[in-house]
Amino acid sequence: MKIKENQNLRHFNTFGIDASCRLMVEYESIKDLLSFIKDIRFRNLPHLHIGEGSNLLFLKDYDGVVLRSAIRQTRQLQSDRPDEIRLQVGGGLKWDTLVASTLRHGWYGLENLSLIPGTVGAAAVQNIGAYGAEAGDFIESVTCINLQTGERRTFAHDECHYAYRHSYFKSAEAWGQWAVIYVNLRLSRHFTPNLSYGRLREELEHRSLKPEQVTPQQLRDIIIDIRRSKLPDPRVQGNAGSFFKNPIVGRDVYEKLVKHYERVPHFEVDDTHVKIPAAWLIEQCGWKGKSMGTAAVHDVQPLVLVNLGGAKGRDIAELSEAVRHDVSERFGIDIQPEVNFI
Ligand SMILES: Cc1cc2nc3c(=O)[nH]c(=O)nc-3n(C[C@H](O)[C@H](O)[C@H](O)COP(=O)(O)OP(=O)(O)OC[C@H]3O[C@@H](n4cnc5c(N)ncnc54)[C@H](O)[C@@H]3O)c2cc1C
């Protein structure tokens, strides 16, 4: 177990915000974590479990304990079905390391979630998603430790309440209470490309690849190429990916928009709801590429807010409020941040 006092967090959040925490604890086993939970220092201080900080915005120094997992082992679990593979994966493993390794082994399902930053533990909290797939689709259960009592509990898929970028672990009731230790996944030994996302089909055509010909590695490579072309690299320009969630609105709201705009991009959710890309709403408000001091709306992907250098958490938060305000004024739609404000 590694414990550091007054740890600077600049390299522990992809926005590159210069904040610090009272104590940082990196645990390597459940035993480590349990002994720390019993530790009096922890009992008297607030705590925050982080992964790679790729979805966090520190508004000020964190006067408490920041916990990180160094449990990174992957173990194959028994399965009764010959066509499936069951894995137990440590919460501290990098998500994309897992994706790459499953493809190497011939275990399929996660390819559309290639190159998403962060850890496996956070993926189960956030229900990360991209290109028509979500982590929750493959999660069989999540094994956690309660950070107050030390209780070990495995949450079955249904108990995780997965929804768009949401899970039980993000609910007001559970927030901050559980450390995700292992994520248990169910993958397939047969590759069935998920090409539900239009841009993927276009990209296949562009590369003269037929859907039935595409290999898992080719699909991963395509996704990596698209992501690199449209998202800023946090190592170059601080950011946390999509800052806002895409709003899901009633069909009546969408119908009203269509009367005023020639083309309103949208995805069907169900008979009565549609999802509208927040990026489009932000761009219509003229925010694409605009800055407020050291915080800016990215000039290629307006859903991403970036740190131009030296921004404080408050600067990014103020920019996000200004963008939200304008979108609400113009469209009457409230866009909610996806990023966790700390
Ligand atoms: C360039 C870029 C692109 C991105 N693209 C996408 C995308 O396509 N799709 C998408 O869904 N997201 C995307 N994101 C957001 C981000 O990658 C995910 O939210 C990711 O899951 C965060 O992982 P993390 O380990 O960095 O978690 P953190 O940001 O450190 O934490 C996120 C949340 O999870 C909690 N948490 C973390 N680890 C644990 C644990 N072990 N136990 C309990 N709670 C925990 C934290 O308390 C916090 O609430 C992107 C981010 C960036 C920077």
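Computed from a predicted model, the values in this text were never measured in an experiment. Counting starts from 1 at the beginning of each chain's written sequence and moves along it residue by residue. Only residues with pLDDT of at least 70 get local features here, since the model is predicted, and only at 80 or more are side-chain atom pairs given and counted; chain-wide, interface and lining totals rely on the full set of residues.

Give me the lowdown on the site of the ligand, citing residues and values where you can.
To decide whether a residue is near a molecule or strand, its C-beta atom is placed from the backbone and checked for lying within 6 Å of it. In the vicinity of the ligand lie 34 residues, with Gly 51, Gly 118, Gly 121, Ala 122 and Gly 241 positioned nearest. Residue assignment for the shell around the ligand shows that the elements contributing at least two residues are strand 3 (47–49), helix 4 (120–126), strand 8 (129–130), strand 12 (178–188) and strand 13 (238–242). Here a strand is any run of E in DSSP of at least two residues, a helix any run of H or I of at least four, and the numbering for each starts at the N terminus. Element by element, the count of residues in the shell around the ligand is highest for helix 4, at five residues. Gly counts as polar in this scheme, as do all residues outside two lists: the nonpolar Ala, Val, Leu, Ile, Met, Phe, Trp, Tyr, Cys and Pro, and the charged Asp, Glu, Lys and Arg. Looking at the shell around the ligand residue by residue, the classes come out as 16 nonpolar, 16 polar and two charged.

Account for unusual backbone geometry, naming residues and giving values.
Peptide bonds are, in most cases, trans, and in most cases residues other than glycine have a negative phi. A positive phi angle, close to 50°, is found at Tyr 131, a residue other than glycine. Relative to the helices and strands, Tyr 131 is located in the loop between strand 8 and strand 9 (133–134). Backbone geometry places Arg 165, a non-glycine residue, at a positive phi of 50°. Among the secondary structure elements, Arg 165 is positioned in the loop between strand 11 (152–156) and strand 12.

Any details on the sheet that holds strand 19 (residues 304–307)? Residues and values, ideally.
When DSSP finds two or more bridges between a pair of strands, those strands are recorded as paired. One open sheet accounts for four strands, arranged 13-19-18-17; its pairing is antiparallel. The open sheet terminates on both sides in strands that have one partner only, identified here as strand 13 and strand 17 (291–292). Pairing of strand 17 with strand 18 (residues 295–297), which is carried by two bridges, proceeds in the antiparallel orientation. Looking at strand 18, one finds that Ser 291 is bridged to Ala 296.

Give a description of the nonpolar core that names residues and reports values.
In plain words, the nonpolar core is the set of buried Ala, Val, Leu, Ile, Met, Phe, Trp, Tyr and Cys residues that C-beta atoms within 7 Å link up. Labels follow a simple rule on C-beta atoms placed from the backbone: if 20 or more others lie within 10 Å of a residue's own, it is buried; if 12 or fewer, it is exposed; otherwise it is partly exposed. Membership of the largest hydrophobic core comes to 92 residues, with the highest contact counts inside it found for Leu 57, Ala 124, Ala 179, Val 180, Val 183 and Ile 282. Top contributing element to this core by residue count: strand 12, with seven residues. The contact rule is simple: place each C-beta atom from the backbone, and if two of them lie within 7 Å, those residues are in contact. Not counting the four nearest positions on each side in its chain, Ile 282 is found in contact with Trp 287, Lys 288, Val 297, Pro 302, Leu 303, Val 323 and Val 327.

Before we move on, could you go through the domain arrangement of the protein chain and cite the residues and values that matter?
Each domain's limits were defined by an automated method or a database of domain assignments. What the domain assignment lists for the protein chain is domain 1 (2–69), domain 2 (74–188) and domain 3 (238–341). A straight line from the C-alpha centre of domain 1 to that of domain 2 covers 21 Å. Between domain 1 and domain 2, the residue contacts involve 15 residues of the former and 15 residues of the latter. Of all the elements in the fold, those that place two or more residues in the side of domain 1 that touches domain 2 are helix 1 (30–38), strand 3 and strand 5 (62–69). In terms of residue count, helix 1 provides more of the side of domain 1 that touches domain 2 than any other element does, four residues in total. Of the residues in the side of domain 1 that touches domain 2, the class split is six nonpolar, seven polar and two charged.

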